[in-house]
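# Residue-level structure breakdown
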Amino acid sequence: MALLLLIDGYNVVAPVAAPGRSPDPNWLHRERMRLLDRLADHLDRKTRTRTCVVFDAANPPPDRPARFEHASVDVRFAVDHAEADDLIEELIAAHSAPKRLTVVSSDRRIRDAATRRGATPWEAQPWLDELLDGRLRLGTIVRSTSRDRDKEQTGGLGGAGQGGSGHDRKADRDLTPDELQDWMKTFGFDPPER
């Protein structure tokens with residue numbers, strides 16, 4: 001199954017400032033785990049199985065392999081790459097259906113790579129804020145993360161794709177009937193009768 005969500009891990013963790021002069025050696029590990037736990041709490045299982053989080057390899061946890069799963073999320077440390085951006089670009093380039101891929105990163109380089117392939121880029125912090133507020137952004141789809149209100153809506157939320165969110169404005173358009181049917185199939189909804 002192809003990736004649906006690709007996250008530049010340290011871009012989402014980055015708003016947390018490093019501790020002062022005598023940093024706790026475990027602070028970065030705790031922040032990584034906090035992000036992974038948030039994804040586990042806010043993404044349904046089907047979405048988690050199609051999500052990948054990539055971290056730079058400078059400080060991988062010593063007790064973990066370079067790739068592992070956390071609550072069905074694929075977690076990778078870019079150990080064979082100069083930086084996580086290189087691995088993320090490879091994953092975008094190799095994606096079999098990039099128009100279905102959402103890429104979360106504050107790095108312009110990554111967002112540009114996503115746009116070139118037709119994937120939907122989102123800046124890290126606005127995307128995470130919406131996720132924590134109960135809205136999952138996958139492409140142009142906004143999906144409630146509430147278990148009892150698991151519905152999809154098309155379009156944006158009050159212009160959330162504008163004003164520096166990092167969202168590609170080309171994606172702010174109505175879906176064609178075939179695109180809507182593909183998205184509904186992707187998220188397990190029966191397509192509408194024609």
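Quick note: structure is the one above.
Residues numbered from 1 in each chain as written. Predicted model: local features only at pLDDT ≥ 70, side-chain atom pairs only at ≥ 80, totals over all residues. Heavy atoms only, no water.

## Concerning helix H4 (residues 84-94)
Where we set the bar: Buried means the residue's accessible area, taken with a 1.4 Å probe over protein chains only, is under 20% of the maximum for its type, while exposed means over 50%, and partly exposed covers the values in between. Only DSSP runs of H or I with at least four residues qualify as helices, and only runs of E with at least two residues qualify as strands; both kinds are numbered from the N terminus onward. This arc is built from the directions going out from the helix axis to the C-beta atoms. Residue contacts are counted whenever heavy atoms from the two residues lie within 4.5 Å of one another.
All of the buried residues in H4 are Ala84, Asp85, Leu87, Ile88, Leu91 and Ile92. The arc enclosing the buried residues of H4, seen along the axis, measures out at 165°, which places them on a common side. Of the surrounding secondary structure, the elements contacted by the buried residues of H4 are strand S1 (5-8), strand S2 (51-55), strand S4 (73-77), strand S5 (102-104) and helix H5 (108-117).

## Quick look at the pattern of salt bridges
The condition is simple: Only one rule defines a salt bridge in this text: a Lys or Arg side-chain nitrogen within 4 Å of an Asp or Glu carboxyl oxygen.
In this structure the tally under the stated criterion is 10 salt bridges. Put simply, glutamate 31 and arginine 34 hold a salt bridge, and the shortest N to O gap is 3.4 Å. Here the residue glutamate 31 and the residue arginine 34 both occupy positions in helix H2 (residues 27-42), the gap between them amounting to three residues, near one helical turn. When its relative accessible area of 39% is taken as the criterion, arginine 34 is described as partly exposed. The salt bridge involving aspartate 112 is made with arginine 108; its shortest N-O contact spans 3.1 Å. Placement of both aspartate 112 and arginine 108 in helix H5 is noted, with a separation of four residues, approximately one turn of the helix.

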